[in-house]
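# Secondary and tertiary structure notes
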Amino acid sequence: QVQLLESGGGLVQPGGSLSLSCVASGSIFGITGMGWYRQTPGKQRELVATITREGSTNYAESVKGRFTISRDDGKKSVYLQMNSLKPEDTAVYYCKVVIRGYNYWGRGTQVTVSS
């Protein structure tokens, strides 16, 4: 069984930074894609950033130039560095890991950007 645990969320002022981490545990063989998504009440979950096993990245237009996704396969972890945060970045952030074609999700971590 695969489990994902996110950490690093919290309250930050506009313009500030946060770093999210997600570590996978359990029977894990062959992680391919990893990514971060976010969701606000009443809205669908949306892509924030993804990274392939080869290191290719993809970002939502709204976060390009501010967020950076990275991964450490040895630690079975994916990270999201968030800079220049805006109030509209407020959401629950979820990590996703793709293993042999199956998607696994974490339980989410709250990020609140407010003065």
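Use the structure listed above.
These remarks concern the structure in this document.

Calculation criteria
Residues numbered from 1 in each chain as written. Predicted model: local features only at pLDDT ≥ 70, side-chain atom pairs only at ≥ 80, totals over all residues. Heavy atoms only, no water. Helix = DSSP H or I, 4+ residues; strand = E, 2+ residues; numbered from the N terminus. Buried < 20%, exposed > 50% of the residue type's maximum accessible area, 1.4 Å probe, protein only. Polar contact = N/O pair within 3.5 Å; in protein donor to acceptor, adjacent residues only side chain to side chain. Lys, Arg positive; Asp, Glu negative; His and termini not counted. Salt bridge = Lys/Arg side-chain N within 4 Å of Asp/Glu carboxyl O. Phe/Tyr/Trp six-rings, centres within 6.5 Å; stacked < 30°, edge-to-face > 60°. Disulfide = S-S within 2.5 Å.

### Things to note about the environment of Lys-64
The topology assignment puts Lys-64 in the loop between strand 6 (57–59) and strand 7 (67–72). What makes Lys-64 partly exposed here is its relative accessible area of 45%. Between the C-alpha atom of Lys-64 and that of Gln-39, which follows or precedes it by 25 residues, the distance is 18 Å. At 2.7 Å, the side chain of Lys-64 and the side chain of Glu-61 are in polar contact.

### Overview of the side chain of Lys-96
Considering the arrangement of structural elements, one finds Lys-96 in strand 9 (residues 91–99). Put simply, Lys-96 is tucked away with no salt bridge, and the nearest opposite charge, on Glu-6, sits 12 Å away. At a separation of 3.2 Å, a polar atom in the side chain of Lys-96 contacts the side chain of Tyr-37.

### What about the packing of aromatic side chains?
Scanning all chains against the criterion turns up 1 aromatic pair. On the numbers, 5.0 Å between centres and 65° between planes, the contact of Tyr-37 with Trp-105 is edge-to-face. One end of the pair, Tyr-37, is in strand 4 (residues 31–39); the other, Trp-105, is in strand 10 (residues 102–105), with 68 residues separating them in the sequence. With a relative accessible area of 36%, Trp-105 lands in the partly exposed category.

### Quick word on the state of the cysteines
As used here, a disulfide is simply a covalent bond connecting the sulfur atoms of two cysteines. For the coordinates displayed, the defined rule picks out 1 disulfide. Between Cys-22 and Cys-95 runs a disulfide, and the two sulfur atoms are separated by 2.0 Å. Here Cys-22 is found in strand 3 (residues 18–26), whereas its partner Cys-95 is found in strand 9, with 73 residues between them in sequence. Taken individually, Cys-22 and Cys-95 each receive the classification buried, so the pair is uniform in this respect.

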